[in-house]
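Survey of secondary and tertiary structure
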Amino acid sequence: TDPLATAMALTRPPGHHATKTLSNGFCIFNFAAAAAIHAVDLGLKVSILDWDVHYGQGVSNILQHVPQTRYVSMHQAPAFPYQGEKNEISGACGNILTIPLPPDSSWTNGYQAFFEKQVLPFVYSSGDDELDAPLWEPDIVKKCLI
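Residues numbered from 1 in each chain as written. Predicted model: local features only at pLDDT ≥ 70, side-chain atom pairs only at ≥ 80, totals over all residues. Heavy atoms only, no water.

Within strand β1 (residues 46–51), five of the six residues are buried, which leaves the element mostly enclosed by the surrounding structure. Both β1 and strand β2 (residues 69–76) contribute to a ladder of six bridges, which runs parallel. For Asp-50, the partnering residue across the bridge sits in β2 and is Ser-73. Each parallel crossover has a hand, and for β1 linked through helix α2 (residues 57–63) to β2 it is right-handed. (Buried < 20%, exposed > 50% of the residue type's maximum accessible area, 1.4 Å probe, protein only. Helix = DSSP H or I, 4+ residues; strand = E, 2+ residues; numbered from the N terminus. Pairing = 2+ DSSP bridges. Right-handed = clockwise from strand over helix to strand, strands pointing away.)

In structure tokens form, the structure reads like this:
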């Protein structure tokens, strides 16, 4: 059996507020970013979908210079940590997608459109011209749902 075929981490919290140098937002260690870095060290590409009320500035901080990763944060804005309040692709490698949503959002009122048009093509793309997204086929997709 391939030891890399399946992996799962049940952690609370996933640590998405902890940066390389700072614990923050009740997060001491950033398990989501640590798992991604470990997978990259094994030669894998990783996409992380962080669907939470709060922006995961810690994951963004840690992975922004790691081209073998892609990170999406869908979160309410304005809200703690009062960052990630602009819908944009950022990071030194263009590997961070930030999607702030208003507090009254629901699946049919905001989430679904962003999910289908921005999130899915960013975390996985076969390079289909219809989606206008470059080829990105990760070996692992990690979800941080709180």
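Let's shift gears to the packing of aromatic side chains. Two descriptors summarise a pair of aromatic rings, namely the distance from one centre to the other and the angle between the planes of the rings. Counted by the stated rule, this structure contains five aromatic pairs. Ring centres of Trp-51 and Phe-115 lie 5.4 Å apart, and the angle between their planes is 35°; this geometry places the pair in the tilted category. Highlighted residues: Trp-51 in strand β1 and Phe-115 in helix α3 (residues 111–123), separated in sequence by 64 residues. Given a relative accessible area of 15%, Phe-115 falls into the buried group. By way of ring pairs, the aromatic residues Trp-51, Trp-107, Tyr-111 and Phe-115 are connected into one cluster. (Phe/Tyr/Trp six-rings, centres within 6.5 Å; stacked < 30°, edge-to-face > 60°.)

With respect to the element layout, Pro-121 can be found in helix α3. For the pair Pro-121 and Leu-135, spaced 14 residues apart in sequence, the C-alpha separation works out to 9.1 Å.

Within this structure, the stated rule accounts for one salt bridge. Where Lys-86 meets Glu-88, a salt bridge forms, and the shortest distance between an N and an O atom there is 4.0 Å. Residue Lys-86 is classed as exposed on the basis of its relative accessible area of 54%. (Salt bridge = Lys/Arg side-chain N within 4 Å of Asp/Glu carboxyl O.)

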